[in-house]
Amino acid sequence: MDDAPVSDGEAPHHDAWTDGDTLAYLQWSDAFVPRRQEIAQMVAALVQCIAGARCVVVDLGGGDGWLVEAVLRAHAGMSAVVIDDSPAMRAAADARLGPFGARAAVRAGNLREPAGWLADCGTVHCFVSCLALHHLRPAERRGLYAALAESPVPGGGLLVADTGRVDGPEVAHCWGRLWDEAVATQSATRTGTPAAWDAFRALRWNSYAHGFDPGEWPLTAGEDAALMRDAGFPSADAVWSFAGHYLVAGYR
Ligand SMILES: C[S@@+](CC[C@H](N)C(=O)[O-])C[C@H]1O[C@@H](n2cnc3c(N)ncnc32)[C@H](O)[C@@H]1O
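Note that the coordinates shown come from a computational prediction; the quantities given were computed from them, not determined experimentally.

S.K.: So what exactly am I meant to see when it comes to unusual backbone geometry here?
M.R.: For residues other than glycine, phi is negative in most cases, and the peptide bonds are mostly trans. Here the phi dihedral of Arg35 falls at roughly 55°; this positive angle occurs in a residue that is not glycine. With respect to the helices and strands, the residue Arg35 is situated in the loop between helix H1 (19-32) and helix H2 (36-51). The backbone of Leu131 shows a phi angle near 60°, a positive value even though the residue is not glycine. Along the polypeptide, Leu131 turns up in the loop between strand E4 (126-130) and helix H5 (138-150). C-beta crowding within 10 Å serves as the criterion here: with 20 such atoms nearby, Leu131 is assigned to the buried category.

In structure tokens form, the structure reads like this:
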């Protein structure tokens, strides 16, 4: 589990997460992420099972707040905070979560420096994250998990969905094909047009076909679960995966 980025040897599709990526993601994420509604369903169900129906949830790198929206819609007794370092993402999250009033807050924060925002979150029962933590180096992710493990009340949890590392070209090819197929289907069903699928291909977004960026450090689900256990979430394991994307649940 070193800090070397994953690459299939081709040029990466872009050098780092840019404002352009944010705009593309805000426009197309519903189609770009394979089976995103399954991730939301799993997270919403697990949050309740792990932390109870009246808990406080913090979404790490929560983007436009879609996952928090799904959790708050599913559980009227929960409240949530989105942490993100992108002003454009936070503005989108503010707009999306405004209807939830005091149940939702959106705050600036760098996941690499949890001391700067974690204390302000108060008592947190469950941390969640979707497709954000591969932007941290493994050592940074380890440091974040250690800080989180000190924060939740007993029984608290950590639910991480992310895009996974792959070593062999055979599995990478399989994941890449499944991801392509999912986006083509979701583009048609979500937008009624191939527009999202066209954008996905033009942006070379499929990391299993085109390689990860230098600024991305994906882990396998097993490596992520091991990091959680080491940090202080002793029960941690993969609970879902599709097309290289996974959900790991850690709790105690
Ligand atoms: C691929 S987007 C995913 C957003 C959201 N979780 C979702 O599922 O739609 C990655 C998010 O992580 C945020 N992010 C990346 N690195 C970050 C960091 N060091 N601190 C805070 N946020 C970060 C980005 O601003 C972006 O909103």
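The discussion continues.
S.K.: Just checking my understanding: could you explain the packing of H1 against helix H6 (residues 169-191) for this structure?
M.R.: The angle between the axes and the distance between the axes are what describe a pair of packed helices. Packing of H1 against H6 brings their axes to within 8 Å, and their N-to-C directions diverge by 110°. For the element pair H1 / H6, the angle class is roughly perpendicular. Note on element contacts: H6 touches H1 through Val183, Gln186, Ser187, Arg190 and Thr191, opposite Asp30, Ala31 and Phe32. Residue composition of the contact of H1 with H6, grouped by class: 3 nonpolar, 3 polar and 2 charged.

S.K.: Teacher, can you tell me more about the site of the ligand here?
M.R.: Near the ligand lie 19 residues; those nearest to it are Gly61, Gly63, Ser86, Cys130 and Ala132. Elements represented by at least two residues in the shell around the ligand include exactly H1 and helix H3 (66-74).

S.K.: Just to check I follow, could you spell out H2 for this structure?
M.R.: Compared with an ideal rise of 1.5 Å per residue, which puts 16 residues at 22 Å, H2 spans 22 Å between its outermost C-alpha atoms and is within 8% of the ideal. Turning to H2, its buried residues are Arg36, Ile39, Ala40, Val43, Ala44, Val47, Ile50 and Ala51. Down the axis of H2, the buried side of the element spans an arc of 145°, and every buried residue falls inside it. Facing away from the buried surface of H2 by more than 90 degrees, the exposed residues are Gln37 and Cys49. In the core, the buried residues of H2 are packed alongside H1, strand E1 (56-60), H3, E4, strand E5 (157-163) and strand E7 (245-251).

S.K.: Got a minute to help me understand the nonpolar core in this structure?
M.R.: One recurring pattern in soluble globular proteins is that nonpolar side chains are buried together. In this structure, Val47, Val57 and Val71 are the most contacted members of the largest nonpolar core, which totals 72 residues. At 7 residues, H2 tops the list of elements feeding residues into this core. Residues lining this core come from more than one domain, with at least three contributed by each of domain 1 (19-165 + 214-251) and domain 2 (169-207). Once you skip the residues sitting within four places of it in the chain, Val57 turns out to touch Val47, Val68, Val71, Met78, Ala80, His125, Cys126 and Val128.

S.K.: Just checking my understanding: could you explain the environment of Gly61 for this structure?
M.R.: Looking at the secondary structure, you find Gly61 in the loop between E1 and H3. Along the backbone, Gly61 and Leu111 are 50 residues apart, and their C-alpha atoms lie at a distance of 7.3 Å. Ignoring sequence-local partners within four residues, the contact set of Gly61 consists of Ile83, Asp84, Leu111, Ser129, Ala132 and Leu133.

The rules we used
- Residues numbered from 1 in each chain as written.
- Predicted model: local features only at pLDDT ≥ 70, side-chain atom pairs only at ≥ 80, totals over all residues.
- Helix = DSSP H or I, 4+ residues; strand = E, 2+ residues; numbered from the N terminus.
- Buried ≥ 20, exposed ≤ 12 C-beta atoms within 10 Å, placed from the backbone.
- Axes fitted to C-alpha atoms, helices over the stretch in contact; angles between N-to-C directions.
- Parallel < 35°, antiparallel > 145°, perpendicular 65-115°, else oblique.
- Contact = placed C-beta atoms within 7 Å.
- Nonpolar A, V, L, I, M, F, W, Y, C, P; charged D, E, K, R; others polar.
- Near = placed C-beta within 6 Å.
- Expected span 1.5 Å × (residues − 1).
- Arc of directions from axis to C-beta.
- Core = buried A, V, L, I, M, F, W, Y, C linked by C-beta atoms within 7 Å.
- Domains from an automatic or database assignment.

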